[in-house]
Amino acid sequence: MTDPTSLRVGMVGYAFMGAAHSHAWRTAPRFFDLPLQPILTAVAGRNQQSVRDAAQKMGWESAETDWRALIERDDIDLIDICTPGNTHAEIAIAALEAGKHVLCEKPLANSVEEAERMAAAADAAAPRGVYSMCGFSYRRTPALALAKRMVEAGRLGQIRHVRAQYLQDWLSDADAPLTWRLDKSKSGSGSLGDIGAHSIDAAQWITGRNITGVSALLETFVKERPVAGDFVGLGGTGATGEDAERGPVTVDDAAIFSARFESGGSGDGSSDGGPSEAGPVGVFEATRFALGRKNAMRIELNGTRGSLAFDFEDMNALSVYDAADGPDAGFRKILVTEPGHPYTGNWWPTGHGLGYEHLFTHQVVDLVTAIAANRPPTPSFADALQVQKVLAAVETSAEADSRWQKV
Ligand code: SOE
């Protein structure tokens, strides 16, 4: 029985992303007027006691030990996939074919082939009013949503440079344990897909241009690590000990690549330079070894009329340079907390700021609003497939002495 006023959610997985998504499903209706009320109907996980504890802690009405049970239940309208990438394709395709909406964490999949099947299933489901979104949550940062508005309005003119870094340091300790994010069979790649994917999506979304080619290198600094003990966090503080068994790291610790973006007319609002106009050039870096950088998701755009710069470690601010302000102006720091800024009007008075968890609440708001309006949410699986193709091109280039690789 479908309740037209509610959206009943079944979530698969309950670790870091499961906790962030649960918080968002609970919080969104309390700060935003949603057209459908999310119901935290069930959470699924393999270990019966652990998933029951998670349901209790995170506010889910019931617990299942098999994700397939969520898809078979007729009291669930949407499947929220918060598991490692090697499980995304099977769960998402089964859910869409069963007529359930899907929110799938990033990256969409562990290969282009899987992502293509997922995008095809999404395209087949949409005409039936069954929708899907990929969880590139940084798009829901107010400062980055403001940056997108500025670029679309032509405030930066023609974009020439994109400079994107995603810097973490939770693997700087060579004895941090071997968790699923370091196992290619589960995660698909290391820093490249886990955090580099966010930079790729943000850069393409803000500029309104896709990446068309890359030249890349990947590096794994620490080739083997202690097998994970009781893993309790990203860096893992499991009981490994001196004599712990060690296993191979099968993913990159750091990814660096240059990129070209589409040329010609685009979403940057500038006068169309025509096909002869070069598109932006980009430099990307993703690493878990930038000692001292904890979650520095950074992006800077340089255009013909201005520039902007963002650092998630100062996430409520956007730095903007406007050439029209003259040579003495320099970058101005905008506090993105005004009522008219994206999302912020629903929270606190100006200047009080938001955090990482708000991105996931905004993601729920946009997803629920699109579903209720019967229109496809973004980023779509097709958008996420484009990111997957860039990830694959980076890996191909890195395996071929950084030779230029078209996307
Ligand atoms: C780990 O690097 C991680 O949790 C990513 O998986 C998330 O996508 C990112 O938002 C924070 O860091």
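Before any of the text, the structure's been laid out above.
As the structure is a computational prediction, the values presented were derived from the model and not from experiment.

Student: What's the story with the sheet that holds strand 4 (residues 78-81) in this structure? I'm lost.
Tutor: Within a sheet, neighbouring strands are paired by backbone hydrogen bonds and run either parallel or antiparallel to one another. Strand order in this open sheet of six strands is 3-2-1-4-5-6, and the pairing throughout is parallel. Two strands bound the open sheet, and with one partner strand each, they are strand 3 (62-64) and strand 6 (132-135). When the angles between neighbouring strand axes are averaged without regard to direction, this sheet yields 25°. In terms of strand pairing, strand 1 (residues 6-12) meets strand 4 through four bridges, oriented parallel. Bridging from a neighbouring strand, Val12 pairs with Ile81 of strand 4. Here helix 2 (residues 48-58) sits on the sheet and contacts strand 2 (37-44) and strand 3; the angle it forms with strand 3, its principal contact strand, is near 150°.

Student: How should I be thinking about the packing of helix 1 (residues 16-31) against helix 9 (residues 356-372) in this particular structure?
Tutor: Contact geometry of helix 1 with helix 9 gives a least axis separation of 8 Å together with a crossing angle of 60°. Between helix 1 and helix 9, the angle falls in the class oblique. Note on packing geometry: the crossing formed by helix 1 with helix 9 is right-handed. Residues Phe16, Met17, Ala20, His21, His23, Ala24, Trp25, Thr27 and Ala28 of helix 1 touch helix 9, and the partners they reach there are Tyr356, Glu357, Phe360, Thr361, Gln363, Val364, Val365, Leu367 and Val368. For the contact of helix 1 with helix 9, the class distribution of residues is 12 nonpolar, five polar and one charged.

Student: What's the story with the site of the ligand in this structure? I'm lost.
Tutor: Neighbouring the ligand are 13 residues; Tyr138, Gln168, Asp194, His198 and Tyr356 lie closest to it. Within the side chain of His198, a nitrogen or oxygen atom sits 2.8 Å from an oxygen atom of the ligand. Within the side chain of Tyr356, one N or O atom sits 2.8 Å away from an oxygen atom of the ligand. Bound to the protein, the ligand loses 97% of the 300 Å² it would expose on its own. Take the shell around the ligand: its biggest share by element is three residues, from helix 8 (residues 191-207). Partitioning the shell around the ligand into residue classes produces seven nonpolar, three polar and three charged.

Procedures and definitions
Residues numbered from 1 in each chain as written. Predicted model: local features only at pLDDT ≥ 70, side-chain atom pairs only at ≥ 80, totals over all residues. Heavy atoms only, no water. Pairing = 2+ DSSP bridges. Helix = DSSP H or I, 4+ residues; strand = E, 2+ residues; numbered from the N terminus. Axes fitted to C-alpha atoms, helices over the stretch in contact; angles between N-to-C directions. Contact = heavy atoms within 4.5 Å. Parallel < 35°, antiparallel > 145°, perpendicular 65-115°, else oblique. Left-handed = near helix turned anticlockwise from the far one by under 90°. Nonpolar A, V, L, I, M, F, W, Y, C, P; charged D, E, K, R; others polar. Near = heavy atom within 4 Å. Polar contact = N/O pair within 3.5 Å; in protein donor to acceptor, adjacent residues only side chain to side chain. Areas by Shrake-Rupley, 256 points an atom, 1.4 Å probe, with all protein chains shown as cover.

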